[in-house]
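For reference, the chains in residue letters:
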Amino acid sequence: MTIIRVPKAWKLPEAQVTSKSAYVNRRRFLKTIANASLGAGIVSALGCKGSSVPENNLVSSNQALTATLDQPSLEPFARNPAFKTVDRPITDEILAGQYNNYYEFGGSKSIWRASQALPTDNWQVTVTGLVKNPRTYDLDDLLKKFPLEERIYRLRCVEAWSMVLPWVGFPMKLLMAEVEPTDKARFVSFTSYYDPKISLAPVQSLGQKVPWPYTEGLRLEEMANELAFFAVGVYGEMLPKQYGAPIRAVLPWKYGFKGAKSIVKIDFVEQQPATFWNTLSPSEYGFEDNVNPNKPHPRWSQKTERFIGKGPDLSWEERPTLPYNGYEEYVASLYK
Ligand code: MTE
């Protein structure tokens, strides 16, 4: 396996571009967002964690960054023995904490600063729609009601990045058992917090309305799967804002964009819900979008991935992409 230095800018080989129309909407949006939020010039072919914004401002230590990562501990929780290790090391905390996607707060990977504007006090999550027991939970209710556990999961970005993160949270199926979806419910929709007054993202991108707030969705069988997880913490502490505090979805067999951050609403519905990236660019970002090395993205192959996990020196390692991101035994039966 070759270890290669991360280049200063992420660039996708133009030779791998297969369809212009396939990516034009997302690309336009990302270009607009970069200009709007950073004045950072052109962001060309990029997407989830694949930015051509120079990343050479990543640091191995920084007091302001460390302060954002220094969160209250979440205890007690046990490491779930089924998910206590994967085939590669956990990504360095300082690196992972400054390399996030949270487009509400800008188009660069360094949204850790801007995302500190997210107001997380008195957080509430409303569970609504086709359920027998609709509820609005305070964060404390959630922390008390559902036993927390730690799970080490691979994270695979649609644009061929990967990391390994030690999440703390609870399985989605526990929340389902409590609210009891009715027989009519077939899908779930997650809505992220959005406030245009603090968001740095545009609402309009080159004539197209950007479908804020960020939404994502699943089939109910997917939500009930053992792997589907709500994270309230990472690295043993409460989620830092850049990760999508105080609660986000983690679906390790799917591309990272399926994991909505800073969830305020969970809606059980009958029809497949509209989702953010799928609305912007349906041919690039499917509703299902499981990690699949044999299904190329319209612009690039998904056969390999760049594993960012070698510590804060930014080195990465090229690895073969695993079907379902290595979680085939848990989820393949859902897609027969
Ligand atoms: N959720 C919201 N609300 N906004 C976003 O921009 N980005 C998604 C997902 N959830 C995103 C989001 C994408 S593209 C990825 S890859 C993951 O969050 C990144 O999670 P991380 O920053 O914790 O690694």
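Since we're looking at a predicted model, the values are computed, not measured. (Residues numbered from 1 in each chain as written. Predicted model: local features only at pLDDT ≥ 70, side-chain atom pairs only at ≥ 80, totals over all residues. Heavy atoms only, no water.)

(A) Molecular detail of helix 5 (residues 172–179). Along helix 5, the residues that are buried comprise Met-172, Leu-175, Met-176 and Val-179. Down the axis of helix 5, the buried side of the element spans an arc of 105°, and every buried residue falls inside it. After helix 5 finishes, the residue Glu-180 shows a positive phi value of roughly 55°. (Buried < 20%, exposed > 50% of the residue type's maximum accessible area, 1.4 Å probe, protein only. Helix = DSSP H or I, 4+ residues; strand = E, 2+ residues; numbered from the N terminus. Arc of directions from axis to C-beta.)

(B) Highlighting the packing of aromatic side chains. Per the counting criterion, the structure on display carries 21 aromatic pairs. Both rings, one in Tyr-214 and one in Phe-276, keep their centres 5.0 Å apart while their planes meet at 25°; by these two values the pair is stacked. Note that Tyr-214 is positioned in the loop between strand 9 (208–209) and strand 10 (215–219) and Phe-276 in helix 7 (residues 276–280), a separation of 62 residues in sequence. With a relative accessible area of 9%, Tyr-214 lands in the buried category. The side chain of Arg-154 reaches across the aromatic face of Tyr-327, ending 5.1 Å from its centre. (Phe/Tyr/Trp six-rings, centres within 6.5 Å; stacked < 30°, edge-to-face > 60°. Lys NZ or Arg CZ within 6 Å of the ring centre and 35° of its normal.)

(C) Representation of the pattern of salt bridges. If you walk through the whole model with that rule in mind, you get 19 salt bridges. Between Glu-178 and Arg-135 there is a salt bridge, with the nearest N and O atoms lying 2.9 Å from each other. Here Arg-135 lies in strand 4 (residues 135–138) and Glu-178 lies in helix 5, a separation of 43 residues in the sequence. Salt-bridge contacts for Glu-284 lead to Arg-299; the nearest nitrogen and oxygen are separated by 2.8 Å. Of this pair, Glu-284 sits in the loop between helix 7 and strand 15 (304–307) while Arg-299 sits in the loop between helix 7 and strand 15; the two residues are 15 residues apart in sequence, bridging distant segments of the chain. According to the relative accessible area criterion, Glu-284 is buried, its value standing at 4%. (Salt bridge = Lys/Arg side-chain N within 4 Å of Asp/Glu carboxyl O.)

(D) The arrangement of the confidence of the model for the protein chain in detail. For the protein chain, mean pLDDT is 84; residues scoring 70 or higher make up 81% of the total. Taken element by element, the predicted model of the protein chain shows its lowest mean pLDDT in strand 1 (residues 3–4) (28) and its highest in strand 13 (residues 248–250) (99). Low pLDDT, under 50, characterises residues 1–24; the predicted model gives this stretch 56 contacts beyond four residues in sequence or across chains. Here residues 37–54 is modelled with pLDDT under 50, and outside its nearest four sequence neighbours on either side it reaches 67 contacts, counting other chains as well. (pLDDT = per-residue confidence, 0-100. Contact = heavy atoms within 4.5 Å.)

(E) The side chain of Ser-115, seen in detail. Mapped onto the secondary structure, Ser-115 falls in the loop between helix 3 (93–96) and strand 3 (124–129). Residue Ser-115 is classed as buried on the basis of its relative accessible area of 0%. What Ser-115 contacts, discounting residues up to four positions off in sequence, is Tyr-102, Phe-105, Lys-241 and Gln-242.

(F) Structural context of the sheet that holds strand 4. One open sheet accounts for 5 strands, arranged 4-3-14-7-10; its pairing is mixed. Whereas interior strands pair on both sides, the edge strands pair on one side only; in this sheet they are strand 4 and strand 10. Each strand axis lies, on average, 15° off the axis of its neighbour in the sheet, ignoring direction. Two elements, strand 7 (residues 187–192) and strand 10, share 5 bridges in a ladder whose sense is antiparallel. (Pairing = 2+ DSSP bridges. Axes fitted to C-alpha atoms, helices over the stretch in contact; angles between N-to-C directions.)

(G) The arrangement of the nonpolar core in detail. Grouped together as the largest cluster of nonpolar side chains are 80 residues, with contacts concentrated most on Trp-167, Leu-175, Phe-190, Met-223, Phe-230, Ile-266 and Phe-268. Of the residues forming this core, the biggest block, 7 residues, is contributed by strand 6 (residues 161–171). Excluding residues within four positions of it along the chain, Leu-175 makes contact with Val-127, Tyr-137, Leu-142, Phe-146, Phe-170, Met-223, Phe-230 and Ile-266. (Core = buried A, V, L, I, M, F, W, Y, C linked by side-chain atoms within 4.5 Å.)

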